[in-house]
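Below are the chains, spelled out letter by letter.
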Amino acid sequence: MALSLNTVWEVQTGGNDTNGGGFVTGASGSDWSQVAGKRTGGDVTDISTTDGVANGTTTFTSATANFDTTIVGNIIYLQGGTGAIAATRRQVTARASTTSITLDASVAASTGMTLNIGGALLSPGIASLFATILGMYVYIKAGT
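Sequence order sets the numbering: in each chain, residues are counted from 1 along the sequence as written. It should be noted that, the model being predicted, local features are given only for residues of pLDDT at least 70 and side-chain atom pairs only at 80 or more, the latter also being counted only at that level, while totals for whole chains, interfaces and linings use all residues. Hydrogen atoms and water are omitted, and side-chain values are computed over all heavy atoms in the structure.

Trainee: Quick one: what's the story with the overall build of the protein, residue by residue and with numbers?
Mentor: A run of DSSP states H or I qualifies as a helix once it reaches four residues; a run of E qualifies as a strand once it reaches two. Both are numbered from the N-terminal end. Summing up its helical and strand segments, the protein has one helix and nine strands in all. In the protein, the succession of α and β elements from N to C terminus is β-β-β-β-β-β-β-β-α-β. In terms of overall dimensions, the protein is globule-like: its C-alpha atoms have a radius of gyration of 14 Å, near the 15 Å expected for 144 residues. If you line up the protein on its principal axes, its C-alpha atoms span 35 × 30 × 30 Å. In what follows, a contact means two residues having at least one pair of non-hydrogen atoms within 4.5 Å. Sequence-distant contacts in the protein: of pairs separated by 6 or more residues, those separated by 24 or more amount to 66%. Accessible surface area values rest on a Shrake-Rupley calculation with a 1.4 Å probe, where residue burial reflects the displayed protein chains alone. Carbon and sulfur atoms make up 56% of the accessible area of the protein, which amounts to about 6500 Å² in all. A distance of 3 Å separates the average location of the 6 positive side-chain charges in the protein from that of its 8 negative side-chain charges. Put simply, the radius of gyration uses C-alpha atoms, and a globule should come to 2.2 Å times the residue count raised to 0.38. Under the counting rule used here, the positive set is Lys and Arg, the negative set is Asp and Glu, and His together with the chain ends is not counted. Think of each charge as sitting on NZ of Lys, CZ of Arg, CG of Asp or CD of Glu.

Below, the structure is given as structure tokens:
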């Protein structure tokens, strides 16, 4: 995994373990992990979708996600598609256009992938998978 050591993970009641769950401190974007839910439609940019496309490189595209510069630094969750991509998280390192972003590591070729942007994690156990990496932090919001 090539995630930045400056990644901060968020956990809270109402979160979901298929959300992005994290943000890289110091990145130029907006931290979408501090709310419970992933980014969804309406008038927002950086929308979670099920039409993700990867070509085996660090380039990732989606015709409907409407990527904005605010996505840079967010951790995204990817899964499924024609390449049957196993669940993984990647850091967005750059935004090329409203339909294309660059990730911290390559993703195997696939179409129709689930892409979840933002939203906190639900389980401290999922966050603990990353908490052992020196430099990363996990914040757990009070709740039941």
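This is not the end of the story, as more comes after the structure.
Trainee: Report on the pairing of strand β1 (residues 7–11), specifying residues and quantitative values.
Mentor: Here β1 lies mainly inside the structure; five of its five residues are buried. Residues T7, W9 and V11 of β1 are buried on one face, and the alternating residues V8 and E10, pointing to the opposite face, are buried as well. Relative to strand β2 (residues 22–24), β1 is paired through three bridges, and the arrangement is antiparallel. Counterpart to T7 in the pairing with β2 is V24. Should DSSP find at least two bridges between two strands, the strands are regarded as paired. Across four bridges, the pairing between β1 and strand β9 (residues 137–140) is parallel. Bridging across to β9, V11 finds its partner in I140. Remark: exposure states derive from per-residue accessible area (1.4 Å probe, protein chains only) relative to the maximum for the residue type, with buried under 20%, exposed over 50%, and partly exposed in between.

Trainee: I'd like a description of the side chain of Q12, backed by residues and values.
Mentor: Tracing the chain through its elements places Q12 in the loop between β1 and β2. Counting of polar contacts relies on pairs of N or O atoms within 3.5 Å, with two restrictions inside protein: one atom must be capable of donating a hydrogen and the other of accepting it, and residues adjacent in sequence are counted only when both atoms are side-chain atoms. Here the side chain of Q12 touches Q34 through a polar contact of 3.2 Å, landing on its backbone oxygen. When residues no more than four places from it in sequence are discounted, the contact partners of Q12 are Q34, V35, A36, A120, L121, L122 and K141.

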